[in-house]
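Below, each chain spelled out in residue letters.
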Amino acid sequence: MLNGDIMERIEAIKKIAESLNDELVICNIGFPSRELYYVKDSPTHFYMLGSMGMASSIGLGLALSQKRKVVVFDGDGSVLMNMGTLVTIFSQNPENYILVVFDNQCYGSTGSQCTYTTEVDLHQIAKSVGFKNTFVFEEEIKFKEVLESKGPVFVHMKVKPGNADVPVIDMEPEEIKERFMEEVKRNP
Amino acid sequence: MDSSETVYKALKGAGIDFVVSLPCVNLGKVMELVDCDKDIIHVPVTREEEGFGICAGAFLGGKNPAILMQNSGLGNSVNVLASLYELYRMPVLMVMSHRGTEGEFMGAQIPMGKATPGVLDALNIAYINPKTHEEALKVIPEAWILSKTALAPIGILLEIPFWK
Ligand SMILES: Cc1ncc(C[n+]2csc(CCOP(=O)(O)OP(=O)(O)O)c2C)c(N)n1
Ligand SMILES: [Mg+2]
């Protein structure tokens, strides 16, 4: 069961985003991207507006293609939709890859319908796939330790269901992509 | 040069440096050639949809990505092609073994084989089906230039007779 003291997702996103500088972020579709955009915008952020499930895979391709550290902000529902990619990530073994799963035990962005993470533990799944460096955070986040760990790293971030009242992202998809690619090129 | 060596040579000619793959009987040798090439990052995937996600990340990271897949995998990838590739305008070279075409020996391949061109049309994805090795060597690099210029995926459909 969820502990009463766990954070809202937006608070966890804010804490983690504030501890990042040069890392590249791939952020999941729906409210997670809106919340990240609201608390902190940066050219290092790629906001997804579609393709549910693909955040972890996009992050993998990016991590294998350049040297900078890649942090993926994913959701429990999305990881469940594309679970095979955990196996690919582990097998490809990218040292510069961190997968953060904001687990609110629901499809938050569509009205908080339950996911099966009420029954299964994503952290145990990641460990059984083979991930060596894994973290579980509930009331506090020690992201510095995560950044110092050798990838691939799996972070199980438990958060409350519900979405913050934040506006939609007022950037065109192409603008998001082009700004991000410029940033990658600036310092590969 | 056999058909697999031709496809590999065409990928090299196109400047492809990042390949994701999921096998078809026809693709086994191309995958081996790609895997042995130190200048190509090769990522075998568990599902084609995931492969398209990985290729999109590779493109964001500055690579020239291609996917080696069976046409059945197109059915696994419709949403990512629409709501990632079309939405953000990204290129990828889709090299597909097109089963269920002339000379198919497995009835099970026919439904998706027949649906494939229609699915590509519905997604507004241009595709070419080179019939000969010479044609493949010429059109595959051209197709990648087109994909990168138009910022859209492009399909290469290699039907059963091509692999004979
Ligand atoms: C293929 C597909 N199925 C369903 C949806 C609708 N949808 C958008 S966001 C979302 C929930 C995602 O849940 P999760 O990954 O747990 O993220 P959360 O919003 O809970 O942070 C769903 C079901 C979609 N966009 N695409
Ligand atoms: Mg969720």
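Provided above is the structure to which this section pertains.
The rules behind the values
Residues numbered from 1 in each chain as written. Chains lettered and ligands numbered in written order. Predicted model: local features only at pLDDT ≥ 70, side-chain atom pairs only at ≥ 80, totals over all residues. Heavy atoms only, no water. Pairing = 2+ DSSP bridges. Helix = DSSP H or I, 4+ residues; strand = E, 2+ residues; numbered from the N terminus. Axes fitted to C-alpha atoms, helices over the stretch in contact; angles between N-to-C directions. Contact = heavy atoms within 4.5 Å. Buried area = accessible area lost by both parts, 1.4 Å probe. Salt bridge = Lys/Arg side-chain N within 4 Å of Asp/Glu carboxyl O. Polar contact = N/O pair within 3.5 Å; in protein donor to acceptor, adjacent residues only side chain to side chain. 1 Å grid on protein atoms, 1.4 Å probe; cavity = no way out; pocket = protein on both sides within 12 Å on 5 of 7 lines; lining within 4 Å. Points joined across faces, edges and corners; volume = space filled by probe spheres on them. Nonpolar A, V, L, I, M, F, W, Y, C, P; charged D, E, K, R; others polar. Donors = N, O, S within 2.8 Å, 3.2 Å for Na, K, Ca; no water. Buried < 20%, exposed > 50% of the residue type's maximum accessible area, 1.4 Å probe, protein only. Right-handed = clockwise from strand over helix to strand, strands pointing away. Phe/Tyr/Trp six-rings, centres within 6.5 Å; stacked < 30°, edge-to-face > 60°. Lys NZ or Arg CZ within 6 Å of the ring centre and 35° of its normal. Near = heavy atom within 4 Å. Areas by Shrake-Rupley, 256 points an atom, 1.4 Å probe, with all protein chains shown as cover. Sits in = over half its atoms within 2 Å of the grid points.

Describe the sheet that holds strand S4 (residues 92-98) of chain B, listing the residues and the values that go with them.
Residues and elements named next belong to chain B. With parallel pairing, the six strands of this open sheet are ordered in space as S2-S1-S3-S4-S6-S5. The sheet is open, and its two edges are formed by strand S2 (41-44) and strand S5 (126-128), each paired on a single side. Strand-to-strand, the axes of this sheet are offset by a mean angle of 20 degrees, without reference to chain direction. In the packing of helix H7 (residues 133-150) onto the sheet, contacts are made with strand S3 (65-70), S4, S5 and strand S6 (153-159), and the angle to S6 comes to roughly 160 degrees.

An account of the interface of chain B and chain A is needed here, citing residue identities and associated values.
In this complex, chain B contributes 26 residues to the contact, which on the side of chain A involves 29 residues. When chain B packs against chain A, close to 2100 Å² is buried across both sides, 66% of that on carbon and sulfur atoms. With its nearest N and O atoms 3.7 Å apart, the salt bridge here joins Glu174(A) to Arg89(B). Where chain B meets chain A, there are seven residue pairs in polar contact (both at pLDDT 80 or more). Within the residue set of the side of chain B that touches chain A, elements represented by two or more residues are S2, helix H3 (48-60) and helix H5 (78-88) of chain B. The greatest single-element share of the side of chain B that touches chain A, amounting to eight residues, is contributed by H3(B).

An account of the layout of surface pockets is requested, with residue identities and associated values reported.
All names here are of chain A. Space inside the largest pocket adds up to approximately 250 Å³. Forming the boundary of the largest pocket are 18 residues, of which Asn 28, Ser 78, Tyr 107, Gly 108 and Ser 109 lie nearest the centre. Put simply, the parts of the chain that give the lining of the largest pocket at least two residues each are strand S3 (70-75), helix H4 (76-81) and strand S5 (106-107). Of the residues forming the lining of the largest pocket, the biggest block, three residues, is contributed by H4. Partitioning the lining of the largest pocket into residue classes produces six nonpolar, nine polar and three charged.

An account of the coordination of the magnesium ion (ligand 2) is requested, with residue identities and associated values reported.
All names here are of chain A. Distances from the magnesium ion (ligand 2) to its protein donors, Asp 76 (OD), Asn 104 (OD1) and Cys 106 (O), fall at 2.0 to 2.1 Å. The motif formed by the donor residues of the magnesium ion (ligand 2), counted along the single chain, is D-x27-N-x1-C. In this pair, Asp 76 sits in helix H4 while Cys 106 sits in strand S5, placing the two residues 30 residues apart along the sequence. With relative accessibility at 5%, the residue Cys 106 sits in the buried group.

I'd like a rundown of the pairing of strand S7 (residues 133-137) of chain A, residues and numbers included.
Residue and element names in this part refer to chain A. Summarising the sheet, S7 and strand S8 (residues 153-158) pair through five bridges and their orientation is parallel. Counterpart to Asn 133 in the pairing with S8 is Val 153. Running through helix H7 (residues 143-148), the crossover from S7 to the neighbouring parallel element S8 is right-handed.

Which residues make up the packing of aromatic side chains, and what values do they have?
The final tally for this structure, using the stated rule, is nine aromatic pairs over all chains. Put simply, the rings of Phe46(A), Phe180(A) and Tyr88(B) pair up and form one aromatic cluster. The ring of Phe31(A) is capped by Arg34(A), whose NZ or CZ atom sits 4.1 Å from the centre of that ring.

Before we move on, can you summarise the site of ligand 1 with the specific residues and values?
Taken together, 17 residues surround ligand 1, and among them Arg9(A), Asp76(A), Ser78(A), Gly108(A) and Ser109(A) come closest. Ligand 1 is flanked by residues contributed from chains A and B. Contact between ligand 1 and Ser78(A): an oxygen atom at 2.6 Å from a side-chain N or O atom of the residue. Contact distances for ligand 1 include 2.9 Å between an oxygen atom and a side-chain N or O atom of Asn104(A). Protein chains bury 77% of the 590 Å² of accessible surface belonging to ligand 1 in isolation. In this structure the site holding ligand 1 corresponds to the largest pocket. Put simply, the parts of the chain that give the shell around ligand 1 at least two residues each are H4 and S5 of chain A. Top contributing element to the shell around ligand 1 by residue count: H4(A), with four residues. Its residues placed into classes, the shell around ligand 1 shows six nonpolar, nine polar and two charged.

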